[in-house]
Amino acid sequence: MMLLSCARVAAGEVTLYLMEVPPLTFNEPGRKGIAGDLTLEAIKRAGYTARIVVVPNNRAMAMVQSAEARDTLIIPLARQKEREPHYNWIAPVAKVNRAFFSLDRKVGSFDEARAGFRLVGVARGTAGVNILREQGFAESQIYEINDTSAGARMLALRRFDAWYGPTRQFHEWMRGLDPAPQVQVSAVLGTTVNYLACSKTCDPVLSARLAGALDKMNRDGSAKAIEARYGRGD
């Protein structure tokens, strides 16, 4: 397995697990989202080609952190202490702002949200779940769902009191609702930096080349140009 993986890296092919977190990442022909396009361009500049794999997000994370994974990339992974030991963190590809979305009230702090919302919807296995737990939310208050794209619809149906998640992602979902309900959006609460990460066993040359390519793209304006193609949703 190691020899095969090394041969692939030497030949220029790397496996990239792309978790769908619109508009940072999605799986459309010719368009992979802000972080997706940024990463694919960095891979190209570093001298590699990408074999993109799209599976449910929790499965993607499990596959990349498994003992068998070699030189396997993943985006856009929030860097948190619970995940720190399980991946090689190559470079940031996005800053993610989170908020509470409610039909009834706007909150300004985690304390207000914890006291005011009986049940909070959140995507299963994501950084949002960890943040809510760290902020003292009881397990009985946390409503995890697998189909994250259903978050806006479930909020509109009042299946929970609020949704907690990335602001850009939620605004993307709202565009798909007709009619879209009036939603109260909290202050930004729970910002993370999301990374291009690699499996624990990862070729240091691969990591260094990708980090260097991303750094150059940030400095020469390429990263901002990619972001501008998708507009701003925060």
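Residues numbered from 1 in each chain as written. Predicted model: local features only at pLDDT ≥ 70, side-chain atom pairs only at ≥ 80, totals over all residues. Heavy atoms only, no water.

### Thoughts on the overall build of the protein chain
Step number 1: Helices and strands together make up the secondary structure of the protein chain, namely nine helices and ten strands.
Step number 2: Taking 234 residues into account, the globule formula puts the C-alpha radius of gyration at 17 Å, and the protein chain, at 18 Å, falls close to it.
Step number 3: Across its three principal axes, the protein chain shows a C-alpha extent of roughly 55 × 35 × 30 Å.
Step number 4: Within the protein chain, the fraction of its 234 residues that count as buried is 50%.
Step number 5: Sequence separation of at least 24 residues holds for 73% of the intrachain contacts in the protein chain that already meet a minimum separation of 6.
Step number 6: For the protein chain, the computed accessible surface area is about 11,400 Å², with 50% contributed by carbon and sulfur atoms.
Step number 7: Taking the average location of the 31 positive side-chain charges in the protein chain and that of its 24 negative ones, the two points are 2 Å from each other. (Helix = DSSP H or I, 4+ residues; strand = E, 2+ residues; numbered from the N terminus. Rg over C-alpha atoms; globule rule 2.2 N^0.38 Å. Buried < 20%, exposed > 50% of the residue type's maximum accessible area, 1.4 Å probe, protein only. Contact = heavy atoms within 4.5 Å. Areas by Shrake-Rupley, 256 points an atom, 1.4 Å probe, with all protein chains shown as cover. Lys, Arg positive; Asp, Glu negative; His and termini not counted. Charge placed at Lys NZ, Arg CZ, Asp CG, Glu CD.)

### Looking at the environment of glycine 165
Step number 1: Within the fold, glycine 165 resides in strand 8 (residues 162-166).
Step number 2: Of the residues examined, glycine 165 reaches a relative accessible area of 2% and is grouped as buried.
Step number 3: Glycine 165 sits 138 residues away from asparagine 27 along the chain, and the two C-alpha atoms are 20 Å apart.
Step number 4: Setting aside its immediate chain neighbours within four residues, glycine 165 contacts Asn97, Arg98, Ala99 and Phe101.

### Structural notes on the state of the cysteines
Step number 1: Under the defined criterion, the tally for this structure stands at one disulfide.
Step number 2: Each disulfide pairs two cysteine sulfurs, and for cysteine 198 the partner residue is cysteine 202, the sulfurs being separated by 2.1 Å. Between cysteine 198 and cysteine 202, the S-S torsion sits near 95°, and that sign places the bridge as right-handed.
Step number 3: A residue is classified by how much of its surface remains accessible, and cysteine 198, at 0% relative accessible area, is buried. (Disulfide = S-S within 2.5 Å.)

### Quick look at the nonpolar core
Step number 1: By size, the foremost hydrophobic cluster in this structure holds 30 residues, and its most contacted members are Leu73, Leu196 and Leu210.
Step number 2: Only strand 1 (13-18), helix 2 (33-45), strand 3 (72-78), strand 4 (88-96), strand 10 (192-198), helix 8 (204-220) and helix 9 (222-230) provide two or more residues apiece to this core.
Step number 3: Contact partners of leucine 210, with chain neighbours within four places excluded, come to Ala42, Ile43, Ala46, Leu73, Ile90 and Leu196.
Step number 4: One finds Phe101, Ala123, Phe160 and Phe170 within the second-largest nonpolar core, a separate group that totals 16 residues. (Core = buried A, V, L, I, M, F, W, Y, C linked by side-chain atoms within 4.5 Å.)

### Some thoughts on the environment of leucine 155
Step number 1: Structurally, leucine 155 is set in helix 6 (residues 151-156).
Step number 2: Taking the relative accessible area as the measure of exposure, leucine 155 reaches 2% and is therefore buried.
Step number 3: In sequence terms leucine 155 and proline 76 are 79 residues apart; their C-alpha atoms lie 25 Å from each other.
Step number 4: Residue contacts for leucine 155: discarding those within four places in its chain leaves Phe101, Ser102, Leu103, Phe160, Asp161, Ala162, Trp163, Phe170 and Val183.

### Some remarks on unusual backbone geometry
Step number 1: Of the consecutive residues proline 22 and proline 23, the connecting peptide bond is found in the cis state with omega at -5°.
Step number 2: For proline 23, the location among the structural elements is in the loop between strand 1 and helix 2.
Step number 3: For the bond running from isoleucine 75 to proline 76, omega is -15°, close enough to zero to count as cis.
Step number 4: The topology assignment puts proline 76 in strand 3.
Step number 5: Phi at aspartate 71 is positive, roughly 50°, even though this residue is not glycine.
Step number 6: Within the secondary structure, aspartate 71 sits in the loop between helix 3 (57-64) and strand 3.

### What about the environment of methionine 217?
Step number 1: Examined against the element boundaries, methionine 217 turns out to sit in helix 8.
Step number 2: Once the C-alpha coordinates of methionine 217 and alanine 42 are considered, the two residues, 175 residues apart in sequence, prove to be 7.7 Å apart.
Step number 3: If sequence neighbours within four positions are ignored, methionine 217 has contacts with Leu38, Glu41, Ala42, Arg45, Ser222, Ala223 and Ile226.

### Some points on the confidence of the model for the protein chain
Step number 1: Per-residue confidence for the protein chain gives a mean pLDDT of 91; residues scoring 70 or more make up 94%.
Step number 2: Per-element mean pLDDT across the protein chain ranges from 46 in helix 1 (residues 2-11) up to 98 in helix 4 (residues 110-116).
Step number 3: Every residue in residues 1-8 scores below 50 in pLDDT, and together they form eight contacts with partners more than four places removed in sequence or on other chains. (pLDDT = per-residue confidence, 0-100.)

### Quick notes on the pairing of strand 10
Step number 1: By the criterion of burial, strand 10 is predominantly enclosed, with six of the seven residues buried.
Step number 2: Of the strand pairs in this sheet, strand 3 and strand 10 are connected by four bridges, and their pairing is antiparallel. The residue of strand 10 that forms the bridge with leucine 77 is tyrosine 195.
Step number 3: Where strand 4 lies against strand 10, seven bridges are found, and the strand directions are antiparallel. Within strand 10, the residue paired with asparagine 88 across the bridge is cysteine 198. (Pairing = 2+ DSSP bridges.)

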